[in-house]
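Geometric and topological summary
One letter stands for each residue in the lines below.
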Amino acid sequence: MTTVPGMGLIRGMGLTLGRFFAPKATIMWPEEEADVAPRFRGRLQLLYDEYGTLKCETCFQCAQACPIECIDMGGVDTRGRFHVHWGPPETYGERREESAMRRAGRPVADPAFTRFDPMDVTPVNAIAEEHDYEPKDLLPMLEGIQAAYGYLPVAALKQLSRQTGAWYAFVYGTASSFNHLRFEPPAVTTAAPAGEALRSAEAGYVSALDAALGGRPTR
Amino acid sequence: MTAISRSLGNVTTAGRIVIPLLLLILVVGPLVTVFLATVIGPWVSGVVYSNLGIVRFVVAITAILLFSIPAAFIIIYMELKVIAYMNLRVGPNRVLPAGAAHSVIAGLKVLTKEDFSPSSADKTIFTWAPVMVFLTAVMTFMVIPFGPGLVGAPLNIGLLYLFAVGGMTVVGLLLAGWSSFNKYSLLGGLRSAAQVVSYEIPLTLSVVGLILLAGTLSIDSIARQQAGWFWDWFVFRQPLGALIFFIAGVAEANRTPFDLTEADSEIVAGFATEYSGMRFGFLFFAEYVNVFIMSALIVTMFFGAWNAPVDLNAVLGYFHLAPFWVYLDPGQLGLGLLLVLAAVPLLATLALAAPVYMLRDNMPAWKALLIGFVLFNALLIGALGLVAYIDWDWVAGLVWFMLKAFTFVFVFVWMRGTFPRVRIDQLMGFAWKWLLPAALLNLFVTAFAIVILKSAGVH
Amino acid sequence: MTAPAQPGHPHPSLDDPRIMLDGQIGQYEQVPPYPPRTEREAEFYTLGDGEMFLNMGPQHPSTHGVLRVVLKINGERVVDLDPVLGYLHRGVEKLCENSDYHHIISQIDPLEYVSSLFMEWAPVMAFEQLMDVQVPRRAEYIRVLTGELLRIASHALFQGWMALDLGGLTPILYSFIERDEIVEMLAAVTGQRMLFNYFRIGGVNGDLNHEFMSRLGDWMSRAAVQHEANIGLLNENEIFVRRMRDIGRVDRDTALRMGVTGPNIRAAGIPFDVRRAHPYSVYPELEFNVPVRGSNGSGDSLDRYLLRLDEVRESIRIIDQCLHNMPDGPVMARLPRLLRPRPGRAWAAVESPRGLFGTYVISDGTDQPFRFRIHDPSFVNLQLVGMLMKDNLIADTMAVMASLDPVMGGIDK
C-alpha cells in the first residue's frame, strides 16, 4: 500500500500501458511452431539401424512396461501358426474381429484366427487350481499340461490364460522359451526297430564324416 | 442480325422469360423515374417539409440505431485487442488485417446461434428484457451532441432526460435477471439494481455543480460554453466533480472494477447467464453502447464536447492570418472539368506508381499500379477530408468528439485490463461513504464560490 | 427405474419424477433427493428464512478444477456451506499398488499437475529408503534445482489465479509467461513440459544439458527483476489489498489443529517447513530462510499471498547456491532393472509448493508395493474452507479458496 491513496492503481495502469507497447509473447501458430525439446519422449518410434533394418526385436518389453497401456503389440509367430498379442485385448478384438473385417470388405486372411476344435479343458482347470491360479508359476503348470495332453494345445493355453489372468502372450512367451515344451503333438511314433536302425545309421554317417575330416575339432 | 436472331434462338426457356422482362424494365423504368421525379417527389417533399419535426425525429432515431451497432463493434474490437496487447498477447488477427472484422463476424455468429429460453423462465419478460436494456441505452443517444447541430433532439432539459432514461437501464437488467429463473441471474440482477441505483445519486449530484456554473440543463448549451482553448473546459473548473462523475460513470456502465453484475468468478455471467443467441447479443451490445455513452457524456460535460483543444482562430489571429476557407466551385472549370475528371486519376495513379515501381526490385507492374491507385485514393480521401474539416464545422466537431470519446473508451478498457473487482460491500460503502459526501462538498463549494464571485462582481 | 408405460400415459417419462414438465414449476423435489443421513446433513439442508442454496461448481468458472461447494446464502452472505469432493477421483493409490516401482513414478505424476516434480520426489525417496540406495550427490543437487524452479512456477501461477478469482484479467497471463519460461527450461532437461517423469529411483533420468543451462542462466539474470515487476501490478493495488485483508483469518491454534502445512501454516505464524523440520536431500547444506508471516495473529489471505512471494525470493537464492555448489559425478545409482525391495515400510515427505507431501509404502518383497498411501497437502488445507468461507460474502469465498491454493487433482486422488 502506498501512502497516497490511488497511487497503486495509477502505477498498475502505468505498468499495463508499458506492456501495451512491449513485444508480444504469442507464438503465431500455425504459421510458426513451438520448439519440441530434443529430449521429448512423448512419441512412439521404431528405430532403424545403419543397415536399414528394424532394431525392434519384438521382445514385448515396451508393451509390458507401458503404464497406461497405450502400446499394444501383436503378430504371428515365425511359422505363421499362433497369434500372439500383448496389450488391451478388447480394442484388439474389436479391430481384428472376423465380422468387423468382413464388414470392412477385407478378406479374413489370418490363419491364426482359425477356430480350434473344442477340447476338454478340465485337466487345465485342475492344474491351475493346484497351483492356486498363480501366474508366477506358469512353468510348472505348462509342464503339467504337457504331461496331460502330450503337447500344449492352443485351447489349453487360452484356458490357462483365462484361469490365471495372465495375458495369452505371456503364457505363449513362457511356453516358447523352453525347449522341452512343444506346441504340436509329437510326430507319429514309428516302430522302435526302425528308430533303432535310423539311429545306428546316423551314427554311421557321423563316424564316416569323422574319419573323412580327420577327427572332431577340439574346442 | 443473323447473329442476334441465332443467339435468341439458343436461349433457354428461363431466358425467354427474363429477356422480355428486362426489355420491359428498360422501357418502363425511365417512365416511372420521370413520374417519381415530377409527381411523387414534390408531394413527398411537401409532406416532409410540413412535418419537419417528426421527420427529423425519425431520421435521428434511425441514424442512432444504425450508429450504435458499429460503435459497439468498434468498442468490442478495441476491448479484445487492447486487453490482448496489455496481456502481451496478439489478440484477434484472423479476419482482415489485424483481425479488424473480428467483432463483426462474432456478431454474425451470435445471430446464427440457437435462441432458446429455459423452460421455467417467464418467457414474455425474458424475451423483452434485452430489448428494453438495448433501447434505453440507445435512447440516451438522442440528446448527446456529436457536433455543432448534430444532435437528435436538442432538448433544453437534456441532462434531466439523460438521467431519467439512463436510470431505466436497471429495470431491464433486473427483469432479465429475475425472468431467467436462475439463481446466478437473480443475484446479478439484484446486484445491478443496488449498484446502479446507488451510483445514480453521486453521478447526478456531481453534475449539479456544473449546472450551477453553466446555468442551464441543455447539453448543447453546456457544450457551447466550453469553446475556446482547452483550459476553458469544465474539468478545470470542476475537477472533483469530473472525478466523481468518471468513477460513478464506470459503475453505471458496469465496468471493471465495478463489474459485479457479471462477475464471472462469482456469479457465472450474472443476469446474462441464461441468455443465448441475439438476445444475449442485445445485452452485450447494450453494455458496450453504455460504455460509449458514458465516455461521450464525460467528454460532453467536462472535456469540451466537440470543441478542439486549440482555438484555431486565436492562433491564426496571433500570427496575423485570417481564418481561411476553401472555396471550391467546379463550375468555373467549364469543359475542363470533364478533362480533369478523366485525366487526373490516371495521371496521379501513374505518378504515384512510378517511384514504387522504380525503387523496389522484382515489383510487377500491375502491383505497382495497384499500389499507386490505392495511394491516390488515400490522398484523395485525405484531401477531401481536410476540405470538409475546414469548410464544415460539424465535421471538425465530429472528429474531435469521436477522438475524445474513444480516448475515454480506451481508458475504460485499460482499467478493465488492469484492475481486479471490488467487493459488493466495498462498492456500496464507497458510493455512500465517499462519493456522496464528496459530491455534496463539490456542490456546496461551487455554490459558495458562485455566490462570493457574484457578490464581488466577477463573472 | 422408470415405470412401465400404462394406458393413458403416452410416454413413460411422464411418470419419471426426475423430469419436470412445464406445468410443474415450483414442485421441486427436495435437495438432496434422499432423506438426510446425518444430523449435520439434516441441519444443512434445512433452509431458514430468506435463505437459499447456491451451487458453486463443479463446472463453475472459478472453483479451481472440479470442487463443488454448496453454499447456503442469505442475500450475499454465506450462512453455511458443504464442500463436495470426488469429481476427479481416479484411485491413484490403488493404481500404484498394481504397478511396479518404476511405474509408480508415472502413475503419481499427474496427481498435482501444477508441481508434478514434487509428486515424484516423495515416492522416489521412500523407495530409496526401502532399497537402501545411495543417491549420487549430483543427482540430489539436480533434484533440488529443478524442484525449486518448479516451486517458483507454481507460486507464479498461484498469483495469477488469485488475481483472476478477484476479477483481474491480466496477471494470469503474466504468470503464464513466467511459468512458461521455467517449463520450457525444464522441458529441455526432462523432455516434457508438464508431467516431467524425471526423477528415478536412485537418481534422475538425465544429466543437465547445455540448453537447460543456457536458458537458466538467461532467466536467472532477470528473474528477480521480472518477479518484482510482475507483482507490482497487484501488491500495491488498493482494490486487491483491501479485498484480501482481514478475510479468511487462520490463527496459530486453528492451523495446528487442522493439520495445515506449507505456506498456509507459515502464514499463520508457525515456521514449519519440511525442508528445515525434517531435512531431506541436500537442503541442510543450503542457506535459505523460512519466511513467516502473520505472527501478529492476522493470518489472513493477504499474508498467505505475500508469503508465497517471499518463498519465490528464497527459491531464487537456493537455485543460485545449487548452481555454485553443483558437484560432478554420476546422476544415477547402479540398480537392477527389476526392483524387489525386502519386506518393510517407509515414509518420505517433501515440502511441495502446497505443503507437506508424503508417501507411505509397505513392501511385501515383490516388485509391486503391498500398500501405497499418499498424504496430500491440498486435501488437508482444503478443510479450512468450512471455517473460512462462513459468514463471508459470496465474492470472498473465491478469494479464500484461491488463497489456500488447492489443486483438485491431489485432493480427489
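Residues numbered from 1 in each chain as written. Chains lettered and ligands numbered in written order. Predicted model: local features only at pLDDT ≥ 70, side-chain atom pairs only at ≥ 80, totals over all residues.

1. So, the overall build of chain C
Looking only at helices and strands, one finds 16 helices and eight strands in chain C. At 24 Å, chain C has a C-alpha radius of gyration in line with the 22 Å of a compact globule built from 413 residues. In terms of overall dimensions, chain C has a C-alpha envelope of 80 × 55 × 40 Å along the principal axes. Within chain C, buried positions represent 47% of all 413 residues. Nonlocal contacts in chain C, meaning residues at least 24 apart in sequence, comprise 66% of its contacts between residues at least 6 apart. (Helix = DSSP H or I, 4+ residues; strand = E, 2+ residues; numbered from the N terminus. Rg over C-alpha atoms; globule rule 2.2 N^0.38 Å. Buried ≥ 20, exposed ≤ 12 C-beta atoms within 10 Å, placed from the backbone. Contact = placed C-beta atoms within 7 Å.)

2. Digging into the sheet that holds strand β6 (residues 344-352) of chain C
All names here are of chain C. Spatially, the three strands line up as an open sheet ordered β6-β7-β8, and their pairing is antiparallel. A single partner strand is all that each edge strand has here, and the edge strands are β6 and β8 (369-375). For this sheet the average axis-to-axis angle between neighbouring strands, irrespective of direction, equals 15°. As paired strands, strand β7 (residues 355-363) and β8 are joined by six bridges and run antiparallel to one another. Bridge pairing links V361 to F372 in β8. Sitting on the sheet, helix α4 (residues 116-131) is in contact with β6 and β7, with an inclination near 150° to β6. (Pairing = 2+ DSSP bridges. Axes fitted to C-alpha atoms, helices over the stretch in contact; angles between N-to-C directions.)

3. Digging into helix α6 (residues 158-166) of chain B
Residues and elements named next belong to chain B. Those residues of α6 that sit buried are G158, L159, L162 and G166. Along the long axis of α6, the arc covered by the buried residues comes to 100°, so they all point the same way. Considering only its buried residues, α6 is in contact with α7 (169-179), α8 (183-214) and α9 (219-224). (Arc of directions from axis to C-beta.)

4. Structural notes on the nonpolar core
By size, the foremost hydrophobic cluster in this structure holds 207 residues, and its most contacted members are B:F245, B:V289, B:F292 and B:I298. The greatest single-element share of this core, amounting to 17 residues, is contributed by helix α11 (residues 277-302) of chain B. Leave out the neighbours within four places in its chain, and B:F245 touches B:L203, B:S206, B:V207, B:I298, B:M301 and B:F302. Grouped together as the second largest cluster of nonpolar side chains are 18 residues, A:V121, A:A128, A:A156 and A:W167 included. (Core = buried A, V, L, I, M, F, W, Y, C linked by C-beta atoms within 7 Å.)

5. Examining the environment of B:A60
Residue and element names in this part refer to chain B. Locating A60 in the fold gives a position in helix α3 (residues 52-86). A60 sits 361 residues away from R421 along the chain, and the two C-alpha atoms are 37 Å apart. What A60 contacts, discounting residues up to four positions off in sequence, is M142, G152 and A153.

6. Here's the deal with the interface of chain A and chain C
With 17 residues of chain A in contact, the opposing surface of chain C contributes 18 residues. In terms of residue class, the side of chain A that touches chain C is made up of eight nonpolar, six polar and three charged. (Nonpolar A, V, L, I, M, F, W, Y, C, P; charged D, E, K, R; others polar.)

7. Side note on the sheet that holds strand β2 (residues 68-74) of chain C
Residues and elements named next belong to chain C. Reading across from one edge, β1-β2-β3 is the order of the three strands in this open sheet, with antiparallel pairing throughout. Strand pairing shows two members of the sheet lacking a second neighbour, β1 (51-56) and β3 (77-84), which therefore form its edges. Along the sheet, successive strands turn relative to each other by an average axial angle of 20°, direction set aside. When β1 meets β2, the two strands line up antiparallel, connected through six bridges. Considered in β2, the bridge of N55 is made with V70.

8. Some words on the interface of chain B and chain C
Contacts between the two partners involve 26 residues from chain B, matched on the other side by 28 residues from chain C. Breaking the side of chain B that touches chain C down by element, the ones donating at least two residues are α3, α15 (393-418) and α16 (424-455) of chain B. Residue composition of the side of chain B that touches chain C, by class: ten nonpolar, eight polar and eight charged.

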